[in-house]
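# Observations on chain architecture
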Amino acid sequence: MSDVVPPEVRPKPVVPAKPPNVGAPSPSSPFPPQGPGIGGGGISAAPPSGIPVPIGSHGPSHVGSHTVVHSGGHVGAHPPAHSAGHGHGGSHSSSGGSTLLGYIGIDTIIEQMRKKTMKTGFDFNIMVVGPSGLGKSTLVNTLFKSQVSRKSAGWARDEKIPKTVEIKSVSHVIEEGGVKMKLTIVDTPGFGDQINNDNCWEPISKYINEQFEKFLKEEVNITRKKRIPDTRVHCCLYFIPPTGHCLRQLDVEFMRRLSHSVNIIPVIAKSDTMTIEERQEFKQRVRKELENNGIEFYPQKEFDDDMEDKSDNDKIRETMPFAVVGSDKEHQVNGKRVLGRKTAWGIIEVENPNHCEFAQLRDFLIRSHLQDLKEVTHNIHYETYRAKRLNDNGGLHPISSNDTQESNL
């Protein structure tokens, strides 16, 4: 028999109204922290402030400001008298029952979302637009350090440039750290390569709207899929030729017409063809022309949620358009293998911030704003299309059985 004070003579612990440390035992409590057996892990001290409280810890503790957890995992209720004879931490090892271990806190929703995302994965669709020869495919391969461009899908180098703009998409499933992402690269060969480029942006605009329409039809189906495939374009990298003078009229017209349908991120391709001074002057000239023509590129000022976002996005807007250099070839520099372009006067390192702004673009596109790109596409661009579509037509046309069968394929 263990020396355990019966519950009827055990003094009631005193709990402060607002404990200084959440989850820590009360200083006035007559029961000191237990040795081996707390939470089943043999911890001899109470968890410090800020660490979630394990279920089954000895003694009362406050979770937040309103929930009380007692021994045995009971929330907001006193344990029955007969439970005092069991082992510490609510463990019923004598009866062979399982031990409930874990912690309580609203921050656990982050872990739940992470696990769910790892199981289902997510989609990210990026479109590259610009004349041939600016290194669009190379830059995309460099961004994701994989062969994800159209060339890896059997695109022959000796193919003739199409007479009109054609849309070609290649999808890959990339897995990193247990997270799966279906990456789709949408290329636009033939854009700006003709003598007469009138309305050459129309096939691109049509493709973007078709993806909105496809998503909208899936939403209004009576028996729709649990997870609607997302083929909407989340980001459009627009490649500006490094002329060093000003934007072409084609560049201005394209971004003006499509800036309200897709998130446009302008980049100056092959920026190593300009000096640092020429590059800075060209960037300032491009920003001024975009402002004078009322062209809004991502991230738009009106979508800043708070002052912190505004401060971060202002720094990004001051840097744009990103002057980038792409390369998927490695070279030896100071005993290290780096991605770069070898020239007669040295090696231009792609990931070196002193040589180009590729690292800033990758950090902005993948690390900090990838999820925001998806949210702006859904909440702003798609909702604008959806509202206009329903207002213009008085609702969607009835979906036939053939349309439903095709959408379920």
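Residues numbered from 1 in each chain as written. Predicted model: local features only at pLDDT ≥ 70, side-chain atom pairs only at ≥ 80, totals over all residues. Heavy atoms only, no water.

This part takes up the overall build of the protein. When helices and strands are tallied, the protein shows 9 helices and 13 strands. Relative to its 409 residues, the protein shows a buried fraction of 37%. Pairs at least 24 residues apart make up 66% of the contacts formed inside the protein by residues separated by at least 6 positions. Here the protein has roughly 24,000 Å² of accessible surface; of this, 52% comes from carbon and sulfur atoms. (Helix = DSSP H or I, 4+ residues; strand = E, 2+ residues; numbered from the N terminus. Buried < 20%, exposed > 50% of the residue type's maximum accessible area, 1.4 Å probe, protein only. Contact = heavy atoms within 4.5 Å. Areas by Shrake-Rupley, 256 points an atom, 1.4 Å probe, with all protein chains shown as cover.)

Turning next to the packing of helix 2 (residues 136-144) against helix 7 (residues 358-368). Between helix 2 and helix 7, whose axes approach to 10 Å, the crossing angle comes to 65°. Of the possible angle classes, the one that applies to helix 2 and helix 7 is roughly perpendicular. Of the two elements, helix 2 crosses helix 7, and the hand of that crossing is right-handed. In this structure, helix 2 contributes Leu139, Thr142, Leu143 and Phe144 to the contact, and helix 7 contributes Phe358, Leu361, Arg362, Leu365 and Ile366. Counted by class, the contact of helix 2 with helix 7 contains 7 nonpolar, 1 polar and 1 charged residues. (Axes fitted to C-alpha atoms, helices over the stretch in contact; angles between N-to-C directions. Parallel < 35°, antiparallel > 145°, perpendicular 65-115°, else oblique. Left-handed = near helix turned anticlockwise from the far one by under 90°. Nonpolar A, V, L, I, M, F, W, Y, C, P; charged D, E, K, R; others polar.)

Our next topic: the pattern of salt bridges. In the structure shown here, the tally under the stated rule is 18 salt bridges. A salt bridge links glutamate 351 to lysine 145; its shortest N-O distance comes to 3.4 Å. One end of the pair, glutamate 351, is in the loop between strand 13 (346-349) and helix 7; the other, lysine 145, is in the loop between helix 2 and strand 6 (168-176), with 206 residues separating them in the sequence. Given a relative accessible area of 57%, lysine 145 falls into the exposed group. Here arginine 337 and glutamate 330 are joined by a salt bridge, their closest N and O atoms 3.7 Å apart. (Salt bridge = Lys/Arg side-chain N within 4 Å of Asp/Glu carboxyl O.)

With respect to the secondary-structure elements, arginine 232 resides in the loop between helix 3 (202-220) and strand 8 (235-240). A distance of 2.8 Å separates the side chain of arginine 232 from the side chain of aspartate 230, its partner in a polar contact. Here arginine 232 is in contact with Asn125, Gln211, Phe212, Phe215, Thr377, His378 and Tyr382, once residues within four sequence places are set aside. (Polar contact = N/O pair within 3.5 Å; in protein donor to acceptor, adjacent residues only side chain to side chain.)

Turning our eyes to something else, we now look at the confidence of the model for the protein. Per-residue confidence for the protein averages 76 on the pLDDT scale, and 67% of its residues sit at or above 70. Contacts from residues 18-94, a stretch scored under 50 in pLDDT, to residues over four places away or in other chains number 92 contacts. Low pLDDT, under 50, characterises residues 404-409; the stretch is placed with 8 contacts to residues that sit more than four places away or in other chains. (pLDDT = per-residue confidence, 0-100.)

In this section: the sheet that holds strand 8. With mixed pairing, the 6 strands of this open sheet are ordered in space as 6-7-5-8-9-10. Strands with a single pairing partner mark the edges of an open sheet, and in this sheet they are strand 6 and strand 10 (322-323). Note: strand 5 (residues 122-129) against strand 7 (residues 179-187), 7 bridges, orientation parallel. From the neighbouring strand, asparagine 125 faces strand 7, where its bridge partner is threonine 184. (Pairing = 2+ DSSP bridges.)

Another aspect to go through is a positive patch on the surface. Judged by side-chain charge, Lys115, Lys116, Lys119 and Lys226 come together as a positively charged surface patch. Overall, the relative accessible area of 57% leaves lysine 116 in the exposed class. (Patch = residues over 30% accessible without salt bridge, like charges linked within 9 Å, V, L, I, M, F, W, Y side chains within 5 Å. Lys, Arg positive; Asp, Glu negative; His and termini not counted. Charge placed at Lys NZ, Arg CZ, Asp CG, Glu CD.)

Attention now moves to the side chain of glutamate 357. Among the structural elements, glutamate 357 can be located in the loop between strand 13 and helix 7. In this structure glutamate 357 touches Lys283, Thr319, Pro321, Phe322, Ala323 and Val324, once residues within four positions along its chain are discounted.

Attention now goes to the nonpolar core. Counting residues in hydrophobic clusters, the biggest one holds 71 residues, and the most contacted among them are Leu237, Phe254 and Ile265. Sequence-distant contacts of phenylalanine 254, that is, excluding residues within four places in its chain, are made with Val129, Phe191, Trp201, Ile204, Cys236, Tyr238 and Ile264. (Core = buried A, V, L, I, M, F, W, Y, C linked by side-chain atoms within 4.5 Å.)

Our focus in this paragraph is the sheet that holds strand 11 (residues 330-333). Here 3 strands make up an open sheet; going across it, the order is 11-12-13 and the pairing antiparallel. The sheet is open, and its two edges are formed by strand 11 and strand 13, each paired on a single side. Sheet twist, expressed as the mean angle between neighbouring strand axes with direction ignored, is 70°. Alignment of strand 12 (residues 336-343) against strand 13, held across 4 bridges, turns out to be antiparallel.

Together, Ile109, Ile110 and Met113 give the surface a local cluster of nonpolar side chains, amounting to about 320 Å² of exposed area. Within the secondary structure, isoleucine 110 is located in helix 1 (residues 108-120).

Attention now goes to helix 6 (residues 307-319). Look at helix 6: 19 Å from first C-alpha to last across 13 residues, which is about the 18 Å you get at 1.5 Å a residue. What helix 6 keeps buried is the set Asn313, Ile316 and Arg317. The arc that holds every buried residue of helix 6, seen down its axis, measures 100°, which confines them to one face. For helix 6, the exposed residues lying more than 90 degrees away from the buried face are Met307, Glu308, Lys315 and Glu318. At its buried positions, helix 6 is contacted by helix 5 (276-292), strand 10 and helix 7. Where helix 6 begins, one side-chain oxygen reaches toward the backbone nitrogen of glutamate 308, 3.2 Å away; that side chain belongs to aspartate 306. (Expected span 1.5 Å × (residues − 1). Arc of directions from axis to C-beta.)

Here glutamine 300 shows up in the loop between helix 5 and helix 6. Taking the C-alpha atoms as reference points, glutamine 300 and arginine 317, 17 residues apart in sequence, are found 8.9 Å from one another. Beyond its immediate stretch of four places on either side in the chain, glutamine 300 contacts Ser259, Asn263, Arg317 and His381.

In terms of burial, strand 8 is a largely internal element, 6 of the 6 residues being buried. Alternating residues of strand 8 divide into Cys235, Leu237 and Phe239 and Cys236, Tyr238 and Ile240, and every residue in both groups is buried. Alignment of strand 8 against strand 9 (residues 264-268), held across 5 bridges, turns out to be parallel. Opposite tyrosine 238, over in strand 9, you have proline 266 as the bridge partner. Since strand 8 and strand 9 lie parallel, the crossover through helix 4 (residues 249-258) that links them has a hand, and here it is right-handed. (Right-handed = clockwise from strand over helix to strand, strands pointing away.)

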